[in-house]
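# Observations on the three-dimensional arrangement
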Amino acid sequence: AKDDGKGVVRRFDPVRFAEAAQRRRDESDLRRALAEMQFEVHYQPIVDLNGELAVGVEALVRWRHPVRGLLGPGDFIELAETLGLMPGLGLWVLREACAQAVVWQQDNPGFKVNVNLSATQLSSPELTDEVGAVLADTGLPPNSLVLELTESMALTDLTESARVLGSLKTLGVRIALDDFGTGFSSLSHLGALPVDVVKIDKSFVAAMRETTANGSVAEAVLQIARTFNLAPVAEGVEDEVQAALLRELACAEAQGYHFARPMPAAELTGLLSRQSAG
Ligand code: C2E
Ligand code: CA
Ligand code: CA
Ligand code: CA
């Protein structure tokens, strides 16, 4: 036991000690990963629900960890955000994805690329200039880029978000609200944001075949999208039943394991060339 000088005796807690040590290891791991760029961008097709052809992709970051193998964002994004590393990593993903999209556009005119923005990116005063620089450097037509942000990020400070999104939109890019419907309380604010696309959260897609009220949320979200003149994209479509229900509801685009998993750029290039060969 140790006296902290305020008369409080703190006992050594082996669990907390181990957790703190692990956290420090994770931290230095992540900093090294960034210095050595152990990250990759994987791409998941976004398909036209009628033809089931890929009309674009969502860029999803991966960490090729030297010991633990391929890690998904769930394993590191939160820590990266806490350590202030996300604006840098996010910008790298953006640049990578835009450069790649330009290559895919050679054989697939109008091919779109969706890139996720983190909360710290959205609150950075440099964001619009950085996105503008990436577009200029890569030559990607601005209307081919869709920037995704979550409803909760956009709605914490509505006035400020509307200003930032407005500034991004002067570049000609499009804005998508991700995980749409999970923050329903703020629905009335939707009209205040210059948004073009809504991504229907996978939990609502999964619930669609239920006969409970929950099963109709996807349909309700599609109606809201129509009201606000937003293009809907359904997320997490895992089987043909869900795809058929979404088609019936006139949802134009979708994404999910039923069509394709996220994959490295080279694999997507293969998929696209098979697609254009018929
Ligand atoms: P998200 O933006 O909602 O991305 C969709 C997630 O759903 C991806 O997980 C994707 O692999 C997964 N998914 C796709 N189809 C299906 C399906 O049919 N069923 C199920 N159960 N899941 C499906 P992933 O790649 O693990 O990414 C998780 C989250 O991490 C993303 O959620 C996004 O919020 C964040 N993220 C990923 N890449 C980036 C990035 O570059 N920057 C930022 N700021 N966040 C990122
Ligand atoms: Ca997303
Ligand atoms: Ca999502
Ligand atoms: Ca999500």
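Residues numbered from 1 in each chain as written. Chains lettered and ligands numbered in written order. Predicted model: local features only at pLDDT ≥ 70, side-chain atom pairs only at ≥ 80, totals over all residues. Heavy atoms only, no water.

## What about the nonpolar core?
Stated formally: Buried Ala, Val, Leu, Ile, Met, Phe, Trp, Tyr and Cys residues that are joined via side-chain atoms within 4.5 Å together make up what is termed a nonpolar core. Exposure is judged per residue with a 1.4 Å probe applied to protein chains only, and the accessible area is read against the type maximum: over 50% gives exposed, under 20% gives buried, and values in between give partly exposed. The helix and strand labels rest on DSSP assignments: H or I over at least four residues marks a helix, E over at least two residues marks a strand, and numbering proceeds from the N terminus. What makes two residues a contact is simply this: any of their non-hydrogen atoms within 4.5 Å.
Leu30, Val115, Val131, Leu145, Leu147, Leu168 and Leu246 are the most contacted members of the largest nonpolar core, which has 77 residues in total. Tallying contributions element by element places helix H3 (residues 86–105) first for this core, with eight residues. Ignoring anything within four residues of it in the chain, the contact list for Val131 reads Leu94, Leu145, Leu147, Leu168, Leu171 and Val173. Counting five residues, the second largest nonpolar core, distinct from the first, contains Ile46, Val146, Val197 and Val233.

## With respect to the coordination of the calcium ion (ligand 4)
As a reminder, the rule being used: A donor here means any N, O or S atom no more than 2.8 Å from the metal (3.2 Å for Na, K and Ca); water is not included, so a site may seem to lack partners.
Around the calcium ion (ligand 4), the protein supplies Asp179 (OD) and Asp179 (OD) as donor atoms, at distances of 3.0 Å. A separation of 3.8 Å is found between the calcium ion (ligand 4) and the calcium ion (ligand 3), both of which receive a donor from Asp179. Mapped onto the elements of the fold, Asp179 is located in strand E8 (residues 174–180).

## Notes on the pairing of E8
Note the cut-off: When DSSP locates at least two bridges between a pair of strands, those strands are taken to pair.
For E8, a buried count of five out of seven residues is recorded, marking the element as mostly surrounded by other parts of the structure. Pairing of strand E7 (residues 145–150) with E8, which is carried by five bridges, proceeds in the parallel orientation. Across the sheet, Leu147 pairs through a bridge with Ile175, a residue of E8. In this structure, E8 lies alongside strand E9 (residues 197–200), joined through three bridges in parallel fashion. Among the inter-strand pairings, Leu177 is bridged to a residue of E9, identified as Val198.

## Description of unusual backbone geometry
Excluding glycine, residues mostly have negative phi values, and the peptide bonds linking residues are mostly trans. A positive phi angle, close to 55°, is found at Glu52, a residue other than glycine. Tracing the chain through its elements places Glu52 in the loop between strand E3 (39–48) and strand E4 (54–65). In this structure Glu52 comes out as partly exposed when scored by relative accessible area, which is 33%. With a phi angle near 60°, Asn229 is a residue other than glycine that sits in the positive phi range. Residue position: Asn229 is located in the loop between helix H9 (217–227) and strand E10 (231–234).

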